[in-house]
There are 2 protein chains.
Amino acid sequence: MPGKMQRIPDVVIRRLPVYLRYLHQLQEYEVETVSSQQMGVDLNLNPAQIRKDLSIFGDFGIKGMGYKVAELAEQISEILGLNKEIPIVLVGVGNLGAALCRYNRYQESATKIIGIFDGHPSKIGQQHGSLEVRPMEELTEFVQQHKVKLAILATPPAAAQSVCDALVAAGIKAILNFAPLLLQAPPHVRVSNADVTSELQALAYYLHG
Amino acid sequence: MPGKMQRIPDVVIRRLPVYLRYLHQLQEYEVETVSSQQMGVDLNLNPAQIRKDLSIFGDFGIKGMGYKVAELAEQISEILGLNKEIPIVLVGVGNLGAALCRYNRYQESATKIIGIFDGHPSKIGQQHGSLEVRPMEELTEFVQQHKVKLAILATPPAAAQSVCDALVAAGIKAILNFAPLLLQAPPHVRVSNADVTSELQALAYYLHG
DNA sequence: GGGAGAATGTTAAAATTATAACAAGCCTTT
DNA sequence: AAAGGCTTGTTATAATTTTAACATTCTCCC
């Protein structure tokens, strides 16, 4: 019901891709419907939470029956904006960047890297799949020309903040940051940190707790 | 005060590495003390939250003065168990795995990859830095012999669950999972998901919201 | 076509997490 | 050595998030 605008919590948004992947898996097994109960068991989540998450966006279920897998997957895709291809630029084509580049090609997903950039002269022109590493000077124009709104940042930490500034200036709206530092970005730009070292350090705690 | 046992929230544990990195940065600039207020500004966090997080583990601050940077960094390291080296095995030496392997060498951190494994015969024996790819058959013995408790899983999704099972059976206590699927593991094994596609999909939402 | 069973969407309660407020205490300066 | 100004640790309050409960309604089967 779109009567009153409500802010949707981040935690909910972050669960949607989990639901979506699960539904795609069910589709592979040609399962046609699924209940929140079943989803809860398979995903280790509370069924009430799943129903509540989904009901924020609409009445997708059928009472007494559950959710139609294909239909729900379609709905979630639409909520996330994955119906049309989402172009991405990747900055920093080191080991990790190159790996992410290849990873992206194999994954079947709407999010697609369409341009890769690096500040180091020796990298320029290198071929990664169908993509050629471009110099940083071309970043702004490329982003604006292809209306790119999402970026992956995989540079060394020393370069990360200035690359971030350049991305923001070019009109990027969201950044997935692999550099191990806290990026400073304006509030309208969303930064998600995917820092391996931090993840490992947090896990370390549970080894002796 | 260790009088009453209290469960420490995950969110708090996940902020500790953030604090730690920040403190290390301050150390580079030879800053000796820092207040929760200053930390709050720099890390975009509420000062009260920072103080509360830290006070769970002890009284590290000095009233009227703040926290001694070096001392606090030391305390947090100890809380996380980073004082001694934490051995890690990495399973799946594809593009991503190899990148993580190199990444780990450059990062200065207590968490250290000491063994790398792959199920594909062509990979066995390949050299990555000082490490040689071992066959899966050696995993259990290696893990037990070196008392490894933490693993990075970077295999293709199809192999991920069986590798997970093998890791659990070998005595692994925590897994950082890069494979795009939900691992089933017993409750005493902590799994942290670092799934690039899911992260990107969640970010996609904010491009049109 | 009607009744039993099942599963949703929603409302209410509980639990968790974040923020604010403040008394206590330490450092610095006079 | 005493006072003032900071900043902590902690207690209290607010906000958010999770879980439970239930009335509603849909499907399936006889």
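Look up a bit, the structure's there.
All values reported here derive from a predicted model rather than from experimental measurement. Sequence order as written defines the numbering, with residues in each chain counted from 1. Ligands are numbered from 1 and chains lettered from A, in the order in which they are written. pLDDT decides what is reported in this predicted model: residues at 70 or higher carry local features, side-chain atom pairs at 80 or more are listed and counted, and totals for whole chains, interfaces and linings draw on all residues regardless. Calculation of side-chain values draws on the structure's entire complement of heavy atoms; hydrogens and water are dropped beforehand.

To be near a molecule or strand, a residue needs just one of its heavy atoms within 4 Å of it. Around DNA strand C lies a shell of 26 residues, among which S36, R51, G61 and Y67 of chain A together with K63 of chain B are the nearest. The protein-proximal atoms of DNA strand C, defined as those within 4 Å of the protein, are 66% sugar or phosphate. Contact between DNA strand C and S36 of chain A: a phosphate oxygen at 2.6 Å from a side-chain N or O atom of the residue. Strands here mean DSSP runs of E at least two residues long; helices mean DSSP runs of H or I at least four residues long; both are numbered from the N terminus. Going through the elements one at a time, α3 (47–55) of chain A together with α1 (10–28) and α3 (47–55) of chain B are the ones with two or more residues in the surface near DNA strand C. Here the surface near DNA strand C gets four residues from one element, more than from any other, and that element is α3 of chain B. The class makeup of the residues in the surface near DNA strand C is nine nonpolar, nine polar and eight charged. We call two N or O atoms a polar contact when they sit within 3.5 Å, provided that within protein one can donate a hydrogen and the other can accept it, with sequence-adjacent residues counted only if both atoms are side-chain atoms. Note on residue categories: nonpolar means Ala, Val, Leu, Ile, Met, Phe, Trp, Tyr, Cys or Pro, charged means Asp, Glu, Lys or Arg, and polar means any other residue, Gly included.

The biggest cluster of nonpolar side chains holds 102 residues, and the ones touching the most others in it are I76, I152 and F178 of chain A together with I76, I152 and F178 of chain B. Should any heavy atoms of two residues lie within 4.5 Å, those residues are considered in contact. Residues contacting I76 of chain B, with those up to four places away along its chain left out, are L16, Y19, L20, L23 and L54 of chain B. The term nonpolar core refers to a set of buried residues drawn from Ala, Val, Leu, Ile, Met, Phe, Trp, Tyr and Cys, joined through side-chain atoms within 4.5 Å. Categorising residues by exposure relies on relative accessible area from a 1.4 Å probe, with only protein chains included: less than 20% of the type maximum marks a residue as buried, more than 50% marks it as exposed, and the intermediate range marks it as partly exposed.

Take the interface of chain A and chain B next. When the parts of a complex come together, some accessible area is lost, and that lost area is often used as the size of the interface. Each side of the interface is counted separately: chain A has 56 residues, and chain B has 56 residues. Buried area, as used here, totals the accessible surface that two parts lose on assembly, with accessibility defined by a 1.4 Å probe and the loss added over both. Taking both sides of the interface into account, the surface hidden between chain A and chain B amounts to around 5200 Å²; carbon and sulfur atoms contribute 65%. When a carboxyl oxygen of Asp or Glu lies within 4 Å of a side-chain nitrogen of Lys or Arg, that pair is called a salt bridge. Put simply, chain A and chain B have four salt bridges between them. Linking D195 of chain A and R21 of chain B is a salt bridge whose minimum nitrogen-to-oxygen distance equals 1.8 Å. Joining chain A to chain B, the criterion identifies 16 residue pairs in polar contact (both at pLDDT 80 or more). Here the element with the most residues in the side of chain A that touches chain B is helix α8 (residues 196–208) of chain A; it accounts for 13 residues. Considering only residue class, the side of chain A that touches chain B consists of 32 nonpolar, 13 polar and 11 charged.

Let's shift gears to the sheet that holds strand β7 (residues 150–153) of chain B. All names here are of chain B. Any two strands between which DSSP finds at least two bridges are classified as paired. Spatially, β5-β6-β4-β3-β7-β8-β9 is the arrangement adopted by the seven strands of the open sheet, whose pairing is mixed. One side of each edge strand has no neighbouring strand; the edge strands of this open sheet are β5 (127–128) and β9 (190–193). Summarising the sheet, β7 and strand β8 (residues 174–177) pair through four bridges and their orientation is parallel. Bridge pairing links L153 to N177 in β8.

Each aromatic pair joins two rings of Phe, Tyr and Trp (for Trp, the six-membered one) with centres within 6.5 Å, and gets the label stacked for planes under 30 degrees apart, edge-to-face for over 60, and tilted for any other angle. The tally for this structure, following the rule as stated, stands at four aromatic pairs over all chains. Each ring, one from F117 of chain B and one from F142 of chain B, has its centre 5.4 Å from the other, and the planes form 75 degrees; the classification is edge-to-face. Pair noted here: F117 of chain B is in strand β4 (residues 111–118) and F142 of chain B is in helix α6 (residues 139–145), with a separation of 25 residues, a long-range link. Note on accessibility: F117 of chain B and F142 of chain B belong to one class, buried. With 5.2 Å between their ring centres and 85 degrees between their planes, Y205 of chain B and Y206 of chain B make a pair best called edge-to-face. The exposure class assigned to Y205 of chain B is buried, which follows from its relative accessible area of 13%. Two thresholds decide whether a charge sits over a ring: the Lys NZ or Arg CZ must be within 6 Å of the ring centre and within 35 degrees of the ring normal. The side chain of R190 of chain B reaches across the aromatic face of Y206 of chain A, ending 3.6 Å from its centre.

Further remarks concern the side chain of D118 of chain A. All names here are of chain A. Here D118 shows up in strand β4 (residues 111–118). The class for D118 is buried, based on a relative accessible area of 9%. Side-chain polar atoms of D118 contact the backbone nitrogen of V93, separated by 2.7 Å. Within the structure, D118 has its side chain in polar contact with the backbone nitrogen of H120 (distance 2.9 Å). Discounting residues that sit within four places of it in the chain, D118 has contacts with G92, V93, G94, K123, I124, V133, R134, P135 and M136.

The next point concerns the sheet that holds strand β7 (residues 150–153) of chain A. All names here are of chain A. With mixed pairing, the seven strands of this open sheet are ordered in space as β5-β6-β4-β3-β7-β8-β9. Edge positions in the sheet fall to β5 (127–128) and β9 (190–193), since each of these pairs with one other strand and no more. One ladder, built from four bridges, connects strand β8 (residues 174–177) with β9; its direction is parallel. Looking across to β9, one finds that A174 is bridged to R190. Sheet strands in contact with helix α5 (residues 95–106) are β3 (86–91), β4, β5, β6 (131–135) and β7, and its direction is about 155 degrees off that of β4. To get an axis, fit a line to the C-alpha atoms, keeping to the stretch in contact for a helix; angles then go from 0 to 180 degrees between the N-to-C directions. Contacts from helix α7 (residues 157–170) reach β3, β7 and β8, with the element oriented near 170 degrees to β7.

Close contacts around DNA strand D come from 25 residues, with K63 of chain A together with S36, G61, G64 and Y67 of chain B the closest. The protein-proximal atoms of DNA strand D, defined as those within 4 Å of the protein, are 68% sugar or phosphate. The contact in question runs from a sugar or linking oxygen of DNA strand D to an N or O atom on the side chain of Q49 of chain A, over 3.0 Å. Elements with a contribution of two residues or more to the surface near DNA strand D: α3 of chain A together with α3 of chain B.

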